[in-house]
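Architecture and fold: a report
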There are 2 protein chains.
Amino acid sequence: MALARSGPNLSRIANSLGVSVATVSNALSGKGRVSAELAEKIRSRAAELGYVPSQAGRALRTGRSGVLGLVLPDIANPLFPNIAQAIEFAASAAGYGVLIADSRGDTAMQMEAINRLIERDVDGMVIVPRRGTRIADIGCPVAVIDSPSTPGNTVAADHWHAGRQIGDHLVALGHERVVILANNPDSNVQNDRVGGIRSALTPHMKAEVIWAEKVELNGGRGCTLGLAEKARQGFTAFAAVSDLQALRALTELQQAGIGVPDCASVTGFDDLIWSPVVTPALTTMRMDTTAIAEIAVSALLDAIAERPMVLSARPAAKTYGNVVSAPTSKVPMQLIIRQSSGRAPSGNTNLAEGEHAK
Amino acid sequence: MALARSGPNLSRIANSLGVSVATVSNALSGKGRVSAELAEKIRSRAAELGYVPSQAGRALRTGRSGVLGLVLPDIANPLFPNIAQAIEFAASAAGYGVLIADSRGDTAMQMEAINRLIERDVDGMVIVPRRGTRIADIGCPVAVIDSPSTPGNTVAADHWHAGRQIGDHLVALGHERVVILANNPDSNVQNDRVGGIRSALTPHMKAEVIWAEKVELNGGRGCTLGLAEKARQGFTAFAAVSDLQALRALTELQQAGIGVPDCASVTGFDDLIWSPVVTPALTTMRMDTTAIAEIAVSALLDAIAERPMVLSARPAAKTYGNVVSAPTSKVPMQLIIRQSSGRAPSGNTNLAEGEHAK
DNA sequence: GAAATCTGCTTAATCGTTTAACCAGACGAT
DNA sequence: ATCGTCTGGTTAAACGATTAAGCAGATTTC
């Protein structure tokens, strides 16, 4: 006695209706020639039996797995949930699954993660690269989400212009001395944001960039950034290039008794989870992750569709490997004004006399 | 002319050595009977050709996809990166891939997410349920990570005892009036934590629980929680059951000019990304996500291994569907003492005269 | 009215892997 | 000498889907 397999499959439907599997397949996919009545009968029977196509069978035959890979860089990055959610949403709307691979730590791990995905036959992948990383040639289409200024980038938020918006906002509030707070100069994203902010400042204003990772080299991880001192020197705006740094600035200033936004304004980037609930709530820039994900995924899907069923082992060497490009590669960010930014304190335009600590 | 397929497969290796595919398969899997020399020769040829087994072919034959699903609840939950990373690590160490499904929002979506995973033939899944959700019967093994007190839980951090540790810590520091800050009473995790904290307090001490979500019903999302008022009433410790609430407390107190930890101590939970870098750095409890993930994944893998190749459509109705259980279901959390908690301000032991807010 | 076209379906091959079943030869035991 | 066992392989049949090719009958075309 032949053992009964688990789920209903094409041949079960076919048998139960006395037709061939090919007809059932055609009816359900709408590809072959099947009469309207029969097609309808097949569809309803399929639904009735709870038919779910076997991805394995389909993948084997078509050479497509129906799965996209998602490679995330710094897992610590709290932006991860947003991106992952957006990508998963866009992918599943298109009938694709999302396999995650986390390149914990160094670049070597990133390559390993990519290989794991390839071994699982992903049809394409979305990579949010570790800062400063170049994506090597990969055997499948790749969408890169980094920064518009990065060569080989597929789509990203317009970080530069977002910086510009923050800068404009601070200028409009009358700030004249601003500290720009970033983490690491190797990040294209951060550089773009810093550049954007700077571009908004008028010549007579004063700006200073603090790279947190450098400060921590001496002070140790999580050390204070000396912002209170900056405030005493007459800086009234602290524009962080990420909400994490903004939070750091906010608490450091508050701890030192410097009121925000009365004595100093603080702004962030990315509208992370805590931004609306801290006191005062953070003024920040929000990425349109939904749009970015949709663009990335659809560019990827286009590339996948164009692929010949049998892929040549050696992809023709294009400019950036298999990185796909999208019609729109810059997505604007949105300024969210909350309570952490306010008018520059009046009478503060005169520079504080040179009492620098250390 | 037969068109050349892309990757090297078993038959290519077989042909190139003049043996049968079955032998190659046996040699590589180590299952059948193959002489040592031939096996070695096959392995080296496979490596030489860069052979990667086709998951699709294998999945079709074995009925196992080699993929686990991961269902995450509140995407907003910043714990997500940690868990996802840990699960992905444990799974990939065992040769499994991880497919994510995000149950954005309501319970209905959670069910949809689960269905998407099933359609992709996952061999099992890890579910971090939305608070208060019961997992319905599913056609594959399921590991649930929620709270030890939840019926049908597979493995979780020992939230209650973690609360206890925080409570002990505050008692040791001499605090006598503590505000416990939570978000939603429907969450088992939060309830456990609150219970643990309470259990540490001696009878003559005073504790009050604030449920943020309730307060926000009136005040609006992100409104102030009235903690400064509590501090004035004589409360010296603010124990939040999540770092997000702790952060909220910290900034709210600082903004009101109440020094932390000099005038009030603040503690959190989960050691999230910002905890070490805010000023003062947060005292908090850290989950051993690595251990939890390993336990969840290995329990899942055991259940998968025990499964008959052909699964019966109707799983025998066990107590909690297909939820697997693990030998260890409670993983201890670790107290991380930082600067946000300190000795209770002296001279404050006398109760502020009986002005209780509602 | 014979040839071409269309319609609706079936047959059969194929994707790459695993695995039960079989088989020829060598060897040891009775 | 004969039977059983072991060794090192081979053959062939799946798994479930897709799709090119074929085929009978009806319809159109000139």
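Keep in mind that what you see is a predicted model, and the values were worked out from it rather than measured.

The next thing to look at is the overall build of chain A. Helix and strand content of chain A: 12 helices and 12 strands. Relative to the 2.2 N^0.38 estimate, which gives 21 Å for 358 residues, the radius of gyration of chain A is 27 Å and therefore markedly larger than a compact globule would have. With the C-alpha coordinates of chain A rotated into their principal frame, the extents come out at 95 × 40 × 40 Å. When burial is assessed residue by residue, chain A has 48% of its 358 residues classed as buried.

We now examine unusual backbone geometry. Backbone phi values are negative for most residues with the exception of glycine, while trans is the configuration of most peptide bonds. All names here are of chain B. Between Val260 and the following residue, Pro261, the backbone shows a cis peptide bond with an omega angle of 5°. Structurally, Pro261 can be placed in the loop between α11 (243-255) and β9 (265-267). Between Thr279 and Pro280 the backbone carries a cis peptide bond, its omega angle lying at -5°. For Pro280, the position within the fold is in the loop between β9 and β10 (284-286). The phi angle at Asp270 is positive, at roughly 100°, despite the residue not being glycine.

With that settled, consider the sheet that holds strand β8 (residues 237-240) of chain B. Residue and element names in this part refer to chain B. Read across the sheet, 4 strands follow the order β7-β6-β8-β9 without closing on themselves; strand pairing throughout is parallel. Among the strands making up the open sheet, the edge pair consists of β7 (206-211) and β9. Neighbour-to-neighbour, the strand axes of the sheet open up by a mean angle of 20°, direction not taken into account. Docked against the sheet, helix α9 (residues 212-219) engages β6 (177-182) and β7, running at close to 55° with respect to β7.

This part covers the protein's contact with DNA strand D. Around DNA strand D, 29 residues are found, and the nearest of them are A:Asn9, A:Ala22, A:Gly57, B:Ala22 and B:Ser35. Going through the elements one at a time, α2 (21-29) and α4 (55-62) of chain A together with α2 (21-29) and α4 (55-62) of chain B are the ones with two or more residues in the surface near DNA strand D. For the surface near DNA strand D, the class distribution of residues is 11 nonpolar, 12 polar and 6 charged.

A few words on the interface of chain B and chain A. Listed by partner, the interface residues are 52 residues for chain B and 53 residues for chain A. Looking at the side of chain B that touches chain A, the elements with two or more residues in it are α4, α5 (80-93), β2 (97-102), α6 (107-119) and α11 of chain B. A per-element tally of the side of chain B that touches chain A places α11(B) first, with 8 residues. Of the residues contributing to the side of chain B that touches chain A, the split by class is 28 nonpolar, 13 polar and 11 charged.

Below, the discussion takes up the protein's contact with DNA strand C. Close to DNA strand C lie 30 residues, the nearest being A:Ala22, B:Asn9, B:Leu10, B:Ala22 and B:Gly57. Sorting the residues of the surface near DNA strand C by element identifies α2 and α4 of chain A together with α1 (10-17), α2 and α4 of chain B as the ones contributing at least two each. Of the residues assigned to the surface near DNA strand C, the class counts are 11 nonpolar, 13 polar and 6 charged.

At a minimum axis separation of 8 Å, α4(A) and α4(B) run at an interaxial angle of 140°. It follows from the interaxial angle that α4(A) and α4(B) lie oblique. At the point where α4(A) passes α4(B), the crossing takes the left-handed sense. Residues A:Ala56, A:Gly57, A:Ala59 and A:Leu60 of α4(A) pack against B:Ala56, B:Gly57, B:Ala59 and B:Leu60 of α4(B). Residue classes in the contact of α4(A) with α4(B) are distributed as 6 nonpolar, 2 polar and no charged.

Moving on, we get to helix α8 (residues 188-200) of chain B. With 13 residues, α8(B) should reach 18 Å at 1.5 Å per residue; the first-to-last C-alpha distance of 19 Å fits that figure. For α8(B), every residue scored as buried is listed here: B:Asn188, B:Val189, B:Gln190, B:Asn191, B:Asp192, B:Arg193, B:Val194, B:Gly196, B:Ile197 and B:Ala200.

What follows concerns the environment of B:Pro148. Residue and element names in this part refer to chain B. Structurally, the position occupied by Pro148 is in the loop between β4 (142-144) and β5 (156-157). Taking the C-beta count within 10 Å as the criterion, Pro148 has 18 such neighbours and is therefore assigned partly exposed. As for Pro148 and Asp192, which are separated by 44 residues in sequence, their C-alpha atoms are 8.7 Å apart.

This part covers the domain arrangement of chain A. As assigned here, chain A comprises domain 1 (10-53), domain 2 (65-157 + 289-331) and domain 3 (159-286). Computed over C-alpha atoms only, the centres of domain 1 of chain A and domain 2 of chain A are separated by 35 Å.

Remark: helix α11 (residues 243-255) of chain A packs on α11(B), axes separated minimally by 9 Å, with the N-to-C direction vectors making an angle of 35°. Where α11(A) crosses over α11(B), the handedness of that crossing is left-handed. Touching A:Leu250, A:Thr251, A:Gln254 and A:Gln255 of α11(A) are B:Leu250, B:Thr251, B:Gln254 and B:Gln255, all from α11(B). For the contact of α11(A) with α11(B), the per-class residue count stands at 2 nonpolar, 6 polar and no charged.

For the rest of this paragraph, the subject is the relation of the copies chain B and chain A. Turning chain B through 180° and shifting it by 0.0 Å along the axis lays it on chain A, with an RMSD of 0.1 Å. With respect to symmetry, the two chain copies, as superposed, fit the operation of a two-fold axis. Closest approach to the rotation axis among the C-alpha atoms of chain B is made by B:Leu99, whose C-alpha sits 2.2 Å away. Residue by residue, 100% of the interface of chain B is reproduced at the interface of chain A, so both copies engage with the same surface.

All names here are of chain A. Within strand β6 (residues 177-182), 6 of the 6 residues are buried, leaving the element largely enclosed by the surrounding structure. Of the two faces of β6, both are covered, the one formed by Arg177, Val179 and Leu181 as well as the one formed by Val178, Ile180 and Ala182. Where β6 meets strand β7 (residues 206-211), 6 bridges bridge the pair, whose relative direction is parallel. Opposite Ile180, over in β7, you have Val209 as the bridge partner. Handedness of the crossover is the feature at issue here: the chain leaves β6, passes through helix α8 (residues 188-200), returns alongside β7, and the resulting connection is right-handed.

Residue and element names in this part refer to chain A. With parallel pairing, 4 strands are arranged side by side in an open sheet as β7-β6-β8-β9. A single partner strand is all that each edge strand has here, and the edge strands are β7 and β9 (265-267). Strand-to-strand twist across the sheet, computed as the mean angle between neighbouring axes with direction ignored, equals 20°. As paired elements, strand β8 (residues 237-240) and β9 share 3 bridges and run parallel to each other. Residue pairing for β9: Phe238 is matched across the bridge by Val266. Contacts between helix α9 (residues 212-219) and the sheet are confined to β6 and β7, with β7 contributing the most and set at about 55° to the helix.

Rules and cut-offs
- Residues numbered from 1 in each chain as written.
- Chains lettered and ligands numbered in written order.
- Predicted model: local features only at pLDDT ≥ 70, side-chain atom pairs only at ≥ 80, totals over all residues.
- Helix = DSSP H or I, 4+ residues; strand = E, 2+ residues; numbered from the N terminus.
- Rg over C-alpha atoms; globule rule 2.2 N^0.38 Å.
- Buried ≥ 20, exposed ≤ 12 C-beta atoms within 10 Å, placed from the backbone.
- Pairing = 2+ DSSP bridges.
- Axes fitted to C-alpha atoms, helices over the stretch in contact; angles between N-to-C directions.
- Contact = placed C-beta atoms within 7 Å.
- Near = placed C-beta within 6 Å.
- Nonpolar A, V, L, I, M, F, W, Y, C, P; charged D, E, K, R; others polar.
- Parallel < 35°, antiparallel > 145°, perpendicular 65-115°, else oblique.
- Left-handed = near helix turned anticlockwise from the far one by under 90°.
- Expected span 1.5 Å × (residues − 1).
- Domains from an automatic or database assignment.
- Least-squares fit on C-alpha atoms with pLDDT ≥ 70 in both.
- Right-handed = clockwise from strand over helix to strand, strands pointing away.

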